[in-house]
Amino acid sequence: MSTYRDFAHRGSARATVLKTVGTKERRSHLSAPRVPTVGIDIGGTKVMAGVVDADGNILEKVRTETPDKSKSPKVVEDTIVELVLDLSDRHDVHAVGIGAAGWVDADRSKVLFAPHLAWRDEPLRDAIASRLVVPVMVDNDANTAAWAEWRFGAGRGEDHLVMITLGTGIGGAILEDGQVKRGKYGVAGEFGHMQVVPSGHRCPCGNRGCWEQYSSGNALVREARELAAADSPVAHYLLDRVKGNVSDITGPLITELAREGDAMCIELLQDIGQWLGIGIANLAAALDPSCFVIGGGVSAADDLLINPARDAFKRHLTGRGYRPEARIAKAQLGPEAGMVGAADLARLVARRFRRTNRRRVERYERYAQIYDQAASTIRNTRSTRTVD
């Protein structure tokens, strides 16, 4: 299909840009058009795009590396547009949703700050929409992942859900009554920067003792590398696997060795899990959800991480024994959750886009009918005068 390219070359004036997706998301998604949309998941290392149907099924997926030499807004936007155009050649795409690893404003139009990209107050939605001539939705990647898990994954049926994404750091999202709670300025859910250890480890955010310094992929790798660099006897198997090169120690390798029974790696994941449970208990005291969904790359450790988290959660929960306990579940959609959620949220925009276009067509047809009637009257008048 060449529609997108054809329109794009005619200029951005024909692009329709919607300023809001709307707040009544729970009610809206039930009546959203069952049309294919594209979801984009942008991180510091990869850009993943996929065509997703109304049931959350991925019809096709493409992926590329985030540009290394220059992560300027224009270069990343070019990459996004190329992926969408590639998919649009084979699919009738009606809208595009983007999940960005960064802070997105309340209007979901600007990326206020992205830690791994050169986006500072970047008007991403309008920049992409003007080149694709379809409606575009932008949101934080944790919000889009949480929406996907609520719609299609581990959070189905839950009215109050909190998602924790464990990757390089910790991200998160809040859903209440089927609506993503983004906060007044759009940056709610930055759980990773709650202070859990006063004067603790320095965090890249500038503060000390942030939760993600104790329960994240970075924390896991840091602890393993420190033990390996100290030539600790408990790290001998890990050192053998990386042939003594400490910098080759990664989170997936630690998880792999833990599954193989390495005692140190198991203990490291237990430590990360215990800190995860403590943080979840704090969030339960503040938000009181019915379910916590744990996603992100570190969650691939499964019960090696989740079971210690559940134990710590029960030990540290305020009012334990006298209140219902939230369910803690591992995310089901894996690394595609953010992409699927972005596509599904974009479907809400597609509905409004279709309504707007339908009204324009109806208005055009009405004007055309009036014009035809007027032209017919003029012709009849002229014909009558000629006969006379």
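Residues numbered from 1 in each chain as written. Predicted model: local features only at pLDDT ≥ 70, side-chain atom pairs only at ≥ 80, totals over all residues. Heavy atoms only, no water.

Enquirer: Break down the overall build of the protein chain for me, citing the residues and quoting the values.
Expert: Secondary structure summary: the protein chain contains eleven helices and 13 strands in total. A total of 388 residues make up the protein chain; the buried ones form 49% of that total. In the structure as shown, the protein chain presents an accessible area of about 18,700 Å², 49% of it carried by carbon and sulfur atoms. (Helix = DSSP H or I, 4+ residues; strand = E, 2+ residues; numbered from the N terminus. Buried < 20%, exposed > 50% of the residue type's maximum accessible area, 1.4 Å probe, protein only. Areas by Shrake-Rupley, 256 points an atom, 1.4 Å probe, with all protein chains shown as cover.)

Enquirer: Lay out the packing of helix α9 (residues 263-287) against helix α10 (residues 303-316) in plain terms, naming residues and giving numbers.
Expert: Where α9 contacts α10, the two axes come as close as 7 Å, and the packing angle between them is 45°. By the angle class used here, α9 and α10 are oblique. For α9 against α10, the interelement crossing comes out right-handed. Contacts between α9 and α10 involve Leu269, Gln270, Ile272, Gly273, Gln274, Leu276, Gly277, Ile278, Ile280, Ala281 and Ala284 from the former and Leu304, Leu305, Pro308, Ala309, Ala312, Phe313, Arg315 and His316 from the latter. The residue makeup of the contact of α9 with α10, split by class, is 13 nonpolar, five polar and one charged. (Axes fitted to C-alpha atoms, helices over the stretch in contact; angles between N-to-C directions. Parallel < 35°, antiparallel > 145°, perpendicular 65-115°, else oblique. Left-handed = near helix turned anticlockwise from the far one by under 90°. Contact = heavy atoms within 4.5 Å. Nonpolar A, V, L, I, M, F, W, Y, C, P; charged D, E, K, R; others polar.)

Enquirer: Explain the pattern of salt bridges residue by residue, including any values.
Expert: A complete count under the given rule lists 17 salt bridges for this structure. A salt bridge links Glu260 to Arg241; the nearest nitrogen and oxygen atoms lie 3.4 Å apart. Of this pair, Glu260 sits in the loop between α8 (251-259) and α9 while Arg241 sits in helix α7 (residues 236-241), and the two are 19 residues apart along the sequence. Glu260 sits in the partly exposed class, given a relative accessible area of 44%. Each of Glu60, Asp86 and Arg90 takes part in salt bridges that share partners, so that together they form one network. (Salt bridge = Lys/Arg side-chain N within 4 Å of Asp/Glu carboxyl O.)

Enquirer: Can you tell me about the pairing of strand β3 (residues 58-65), naming the residues and giving the values?
Expert: Of the pairings in the sheet, the one linking strand β2 (residues 46-52) to β3 comprises seven bridges and is antiparallel in character. Bridging across to β3, Lys46 finds its partner in Glu65. From the end of β2 to the start of β3, which pair antiparallel, there are five residues, and Gly56 there has a positive phi angle of about 85°. (Pairing = 2+ DSSP bridges.)

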